[in-house]
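Read off the chains here:
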Amino acid sequence: KCLNVENEQQEEVDNDQETNGSDMWMDIIKQLNDIFWSFYNKRPHTPVTAPVCSTGLIAMETTVCVLVELMWSVVSQYPDILCFCIPHLIKLLTAADSQV
């Protein structure tokens, strides 16, 4: 009987840790996507006339690939956040800019 109680307590701890991990990753993914779109909106519209010191994305395709890979890796570990990641992935897929 003691083993069952200990196993149930361990399962509760594991479930709490998984929930906390999911919440943490959802926050990180949201922040990274917000930062990406913030930099994307600050990019110069005509790079030829933009100053050298202007802020914006340099390697946009690489950044998008890293965001998608990160979301895929996190979803494979925490499948319960798939529904959270789908809108972010759709926004990347449906962006008007072909570089995204």
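Residues numbered from 1 in each chain as written. Predicted model: local features only at pLDDT ≥ 70, side-chain atom pairs only at ≥ 80, totals over all residues. Heavy atoms only, no water.

Trainee: Break down the overall build of the protein chain for me, with residues and values.
Mentor: Looking only at helices and strands, the protein chain has three helices and zero strands in total. For the protein chain, the sequential pattern of α-helices and β-strands runs α-α-α. Going through the 100 residues of the protein chain one by one, you find that 22% of them count as buried. Accessible surface for the protein chain amounts to roughly 7500 Å². Of this, 59% is attributable to carbon and sulfur atoms. (Helix = DSSP H or I, 4+ residues; strand = E, 2+ residues; numbered from the N terminus. Buried < 20%, exposed > 50% of the residue type's maximum accessible area, 1.4 Å probe, protein only. Areas by Shrake-Rupley, 256 points an atom, 1.4 Å probe, with all protein chains shown as cover.)

Trainee: Mind laying out a nonpolar patch on the surface, listing which residues take part and the relevant values?
Mentor: On the surface, L32, I35 and F39 cluster together into a nonpolar patch covering about 240 Å² of accessible area. When you line up the elements, I35 lands in helix α1 (residues 2-42). (Patch = residues over 30% accessible without salt bridge, like charges linked within 9 Å, V, L, I, M, F, W, Y side chains within 5 Å. Salt bridge = Lys/Arg side-chain N within 4 Å of Asp/Glu carboxyl O.)

Trainee: Mind laying out helix α2 (residues 60-77), listing which residues take part and the relevant values?
Mentor: With 18 residues, α2 extends 26 Å between its outermost C-alpha atoms, agreeing within 8% with the 26 Å of an ideal straight helix rising 1.5 Å per residue. When α2 is considered as a whole, its buried residues turn out to be M60, V64, L67, M71, V74 and V75. Across the axial projection of α2, the buried residues extend over an arc of 100°, all falling on one side. The exposed residues of α2 that point more than 90 degrees off its buried face are E61, T62, V66, E69, W72, S76 and Q77. (Expected span 1.5 Å × (residues − 1). Arc of directions from axis to C-beta.)

Trainee: I'd like a description of the pattern of salt bridges, backed by residues and values.
Mentor: Opposite charge on two side chains makes pairing possible when the charged atoms of those side chains draw close. Scanning all chains against the criterion turns up one salt bridge. D34 is paired through a salt bridge with K30; the nearest N and O atoms lie 2.9 Å apart. With D34 and K30 both in helix α1 and four residues apart, the pair spans about one turn of that helix. The partly exposed category is assigned to D34, whose relative accessible area is 40%. We classify K30 as partly exposed; its relative accessible area is 42%.

Trainee: How would you summarise the state of the cysteines if you had to cite specific residues and measurements?
Mentor: The tally for this structure, following the rule as stated, stands at zero disulfides. Between C83, a free cysteine, and C85, which holds the nearest cysteine sulfur, the sulfur-to-sulfur gap is 9.5 Å. (Disulfide = S-S within 2.5 Å.)

Trainee: Please set out the side chain of N33 residue by residue, giving values where relevant.
Mentor: Here N33 lies in helix α1. Residue N33 is classed as buried on the basis of its relative accessible area of 2%. When residues no more than four places from it in sequence are discounted, the contact partners of N33 are L67, M71, H88 and L92. (Contact = heavy atoms within 4.5 Å.)

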